[in-house]
Amino acid sequence: MNTDIELSCTICGSQQTSPVCMHPDFGVHQFHCNNCDQLQSVPPSEQFLGWYYAQTYREDRKENLTPSYRTYMQERARFQTEYIHRIAQNYGLAVNPARVLEIGPGCGALISLFDAEKTAIEPDENFAQGLRDSHADIDIITWDELAAMNDPAQAFDLVLMSHVLEHLPDPV
């Protein structure tokens, strides 16, 4: 990964950042702000994303994930898990959750690292089926099924949503 690039934190403006990894398919730099402890990405151009989502995104993520992409996802998931545990400890929260929900789990790399009851919401049926086929221990549900859960005993100890907002047309 090119570590010569200067990345400024979009939260606090600090240039005291450390590279985490880079997406192998289109060079998205992911970095950690050493000042405010946030993880961030420097996204590709809007023009590139428009082309990528329209032309190749779903095909790239179906069944034939490249070895470099699998390695990237596993490396990113390990870093994210360490980060989640550190933040939880800093705030006195449960470090080993019993029930985990991930919204937009992608290939399941992050949620699979938790030793917990795992539930995921994946709106794309092709991705959902791929997760069912490769991760039998993850319960894949719909938004409607989540909305129907109104028993406090069904609450989640940890909710994950990693690299989801950039897929939404208007996340704010």
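Residues numbered from 1 in each chain as written. Predicted model: local features only at pLDDT ≥ 70, side-chain atom pairs only at ≥ 80, totals over all residues. Heavy atoms only, no water.

**Some remarks on the overall build of the protein**
The helix and strand inventory of the protein stands at five helices and seven strands. Listed N to C, the secondary structure of the protein is β-β-β-α-α-α-β-β-α-β-α-β in terms of helices and strands. For the protein, buried positions account for 35% of its 172 residues. For the protein, contacts bridging at least 24 residues in sequence account for 46% of all contacts bridging at least 6. Accessible surface, the protein as shown: approximately 10600 Å² in total, 50% of it carbon and sulfur. (Helix = DSSP H or I, 4+ residues; strand = E, 2+ residues; numbered from the N terminus. Buried < 20%, exposed > 50% of the residue type's maximum accessible area, 1.4 Å probe, protein only. Contact = heavy atoms within 4.5 Å. Areas by Shrake-Rupley, 256 points an atom, 1.4 Å probe, with all protein chains shown as cover.)

**So, the side chain of H135**
By the element assignment, H135 lies in the loop between α4 (125–134) and β6 (138–141). Aside from chain neighbours lying at most four places away, what touches H135 is C107, G108 and S112.

**A short note on the pattern of salt bridges**
The full count for this structure, using the stated rule, is three salt bridges. Between D37 and R86 there is a salt bridge; the shortest N-O distance is 2.9 Å. In this pair, D37 sits in the loop between β2 (29–33) and β3 (39–42) while R86 sits in helix α3 (residues 67–90), placing the two residues 49 residues apart along the sequence. Exposure remark for D37: the relative accessible area of 19% places this residue in the buried category. The class for R86 is partly exposed, based on a relative accessible area of 32%. With a closest N to O distance of 3.1 Å, E117 and R99 form a salt bridge. (Salt bridge = Lys/Arg side-chain N within 4 Å of Asp/Glu carboxyl O.)

**Describing the nonpolar core**
Membership of the largest hydrophobic core comes to 20 residues, with the highest contact counts inside it found for V100, F114, I140, L158 and L160. Elements with a minimum of two residues in this core: β1 (17–22), α3, α4, β6 and β7 (158–160). Per-element accounting of this core gives the leading share, five residues, to α3. With residues up to four places along the chain from it excluded, the contact list for L158 reads I84, P97, R99, V100, L101 and F114. Grouped together as the second largest cluster of nonpolar side chains are five residues, L101, I121, I141 and F156 included. (Core = buried A, V, L, I, M, F, W, Y, C linked by side-chain atoms within 4.5 Å.)

**Regarding the pairing of strand β4 (residues 99–103)**
For β4, a buried count of five out of five residues is recorded, marking the element as mostly surrounded by other parts of the structure. Residues of β4 alternate between two faces, with R99, L101 and I103 on one and V100 and E102 on the opposite face, all of them buried. In the sheet, β4 pairs with strand β5 (residues 117–121) via five bridges, with the strands oriented parallel. Paired with E102 across the strands is A120, a residue of β5. Pairing analysis gives three bridges linking β4 to β7, with the strands arranged parallel. Looking across to β7, one finds that E102 is bridged to L160. (Pairing = 2+ DSSP bridges.)

**So, the confidence of the model for the protein**
The pLDDT averaged across the protein works out to 80; a share of 77% of its residues lies at or above 70. When mean pLDDT is compared element by element in the protein, β5 scores highest at 95, while helix α2 (residues 57–61) scores lowest at 61. (pLDDT = per-residue confidence, 0-100.)

**Here we look at the packing of aromatic side chains**
Counted according to the given criterion, the structure contains zero aromatic pairs. The aromatic ring of F156 is capped on one face by R99, whose charged end is 4.4 Å from the ring centroid. (Phe/Tyr/Trp six-rings, centres within 6.5 Å; stacked < 30°, edge-to-face > 60°. Lys NZ or Arg CZ within 6 Å of the ring centre and 35° of its normal.)

**Topic: the pairing of β6**
Pairing between β5 and β6: four bridges, direction parallel. Bridge pairing in β6 links I121 to I141. Tracing the backbone out of β5, into α4 and back to the parallel element β6 gives a crossover that is right-handed. (Right-handed = clockwise from strand over helix to strand, strands pointing away.)

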